[in-house]
Amino acid sequence: MRIARFSIDGNVGFGVLEGDELDVIKGHPFAEFERSGQKVPLEKVRLLPPVLPNKVVAIGRNYAEHAAELGNEVPETPVTFFKPSTSVIGHGDPIAYPSFSQEVHHEAELAVVIGRMCREVPRERVKDVILGYTCANDITARDVQRREKQWARAKGFDSSCPLGPWIETDLDPSDLTIQCTVNGEQRQLGRTSDMIRPIEDLIVHITEAMTLLPGDVVLTGTPAGVGPLNVGDTVAVTIEGIGTLTNKVIKRG
C-alpha cells in the first residue's frame, strides 16, 4: 500500500492512497492501524514529508559510475554520513539554494523507511525492519563537499533532503528504475540493481554501529548523471513502483 502524510485545514494525519483519494488512518503506520473510512481527495491536501525521521543515514558512492564521474574510487566499505532532520522537506516544498555555495547538485536516490527499532540486524531479517520505500533527493553543495573534509554542511543544509511523495510498502527494491529530470530534461537514469552494496548489506552495516528508530530513513546512493541546479529549476525524482518527487529551487531568503 501507499501511505502518505498530509495536512488539511491545519490538521496533520496519515492516509492510505486509493486512486485519487486518501483513506485517513487511525494512529500512525509504525504500529497496527485501522482505516477510518474518511476519504479525503488528494487534490485537497498538502503532502508532507512521509516521515519525520530522527535521523537520515546516507550512503555515498554506492554506484560505481557515480563514483567514477566525480573522480573517486569505489570504497572498500560503505561511506556513511548523516543528514539532519532539519534538512527534510516534502513533495512540492522549495529547495532553498544555500548562500554559501555556488554549485548545488541533485542526487536521485531510493530511500528506505525503517518501521521498527532495530540494531545489529542479521541479513536475513532486514526485510522485517523495513516499513517501505520512498523517493529522495540528496541535494549537495558540491563545491563545499570538495573543500571541507566533513560533509555536514555540504549535505546537511536546510531543505537538502526532499522525501516523498509517499511510502510504498509493497515493493521489491532490487531492480527499479531511478530517474531524475531538471525542467523536464533527463539528467539521471539508473537501476537499483547497479548498487555496489544492496540494501540488506547497508542495513547490516549501519545497525552494527547504531540503533535505527521507527521513521528513520536510509539513503542508498545515487546513479551517475548528477549535475547542477539553479534558482528557478524544477527537479523531479521518479522511481519505478513508487512515484515522482518534485521540488522547485528558490533563492534562500
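Up top is the structure these notes are about.
Values in this document were obtained by computation on a predicted structure and should not be read as measured data. (Residues numbered from 1 in each chain as written. Predicted model: local features only at pLDDT ≥ 70, side-chain atom pairs only at ≥ 80, totals over all residues. Heavy atoms only, no water.)

Draft legend 1. Just the nonpolar core, in detail. If you look at the biggest cluster of nonpolar residues, it comprises 51 residues, and the most contacted ones within it are Leu110, Tyr133, Ile203, Ile239 and Ile242. Once you skip the residues sitting within four places of it in the chain, Ile239 turns out to touch Glu109, Leu110, Thr134, Cys135, Leu176, Thr177 and Ile178. If you look at the next biggest cluster of nonpolar residues, it comprises 15 residues, including Val51, Val56, Phe81 and Val88. (Core = buried A, V, L, I, M, F, W, Y, C linked by side-chain atoms within 4.5 Å. Buried < 20%, exposed > 50% of the residue type's maximum accessible area, 1.4 Å probe, protein only. Contact = heavy atoms within 4.5 Å.)

Draft legend 2. Region of interest: the side chain of Asn137. Note that Asn137 resides in strand β12 (residues 130–137). There is a polar contact of 2.9 Å between the side chain of Asn137 and the backbone nitrogen of Glu107. Not counting residues within four places of it along the chain, the set of residues in contact with Asn137 comprises His106, Glu107, Ala108, Ser160, Cys161, Pro162, Val235, Val237 and Leu245. (Helix = DSSP H or I, 4+ residues; strand = E, 2+ residues; numbered from the N terminus. Polar contact = N/O pair within 3.5 Å; in protein donor to acceptor, adjacent residues only side chain to side chain.)

Draft legend 3. Just the packing of aromatic side chains, in detail. On inspection of all chains with the given rule, the structure shows 2 aromatic pairs. Between the aromatic rings of Phe81 and Trp151, the centroid separation amounts to 5.2 Å while the plane-to-plane angle is 65°, which identifies the pairing as edge-to-face. Of this pair, Phe81 sits in strand β7 (residues 79–83) while Trp151 is found in the loop between α2 (142–147) and α3 (152–156), placing the two residues 70 residues apart along the sequence. The class of Phe81 is buried, set by a relative accessible area of 8%. A relative accessible area of 16% places Trp151 in the buried class. Where Phe100 meets Phe157, the ring centres are 6.1 Å apart and the plane angle is 85°; that geometry is what we call edge-to-face. (Phe/Tyr/Trp six-rings, centres within 6.5 Å; stacked < 30°, edge-to-face > 60°.)

Draft legend 4. Inspection of the pattern of salt bridges at higher detail. Taken as a whole and assessed by the stated rule, the structure comprises 17 salt bridges. The shortest N-O distance in the salt bridge between Asp93 and Arg46 comes to 3.0 Å. Pair noted here: Asp93 is in the loop between β8 (88–89) and β9 (95–97) and Arg46 is in strand β5 (residues 46–47), with a separation of 47 residues, a long-range link. Residue classification places Arg46 among the partly exposed residues on the basis of a relative accessible area of 47%. Sharing partners across several salt bridges, the network here consists of Lys83, Glu107, Asp138, Arg142 and Lys155. (Salt bridge = Lys/Arg side-chain N within 4 Å of Asp/Glu carboxyl O.)

Draft legend 5. Summary view of the pairing of β12. Counting buried positions over the 8 residues of β12 gives 8, a clear majority of the element. With 7 bridges joining them, strand β11 (residues 108–114) and β12 adopt antiparallel strand pairing. Across the sheet, the residue bridging to Ala108 is Asn137, located in β12. As defined by bridge partners, β12 adjoins strand β14 (residues 161–168) across 3 bridges and the pair is classed as antiparallel. (Pairing = 2+ DSSP bridges.)

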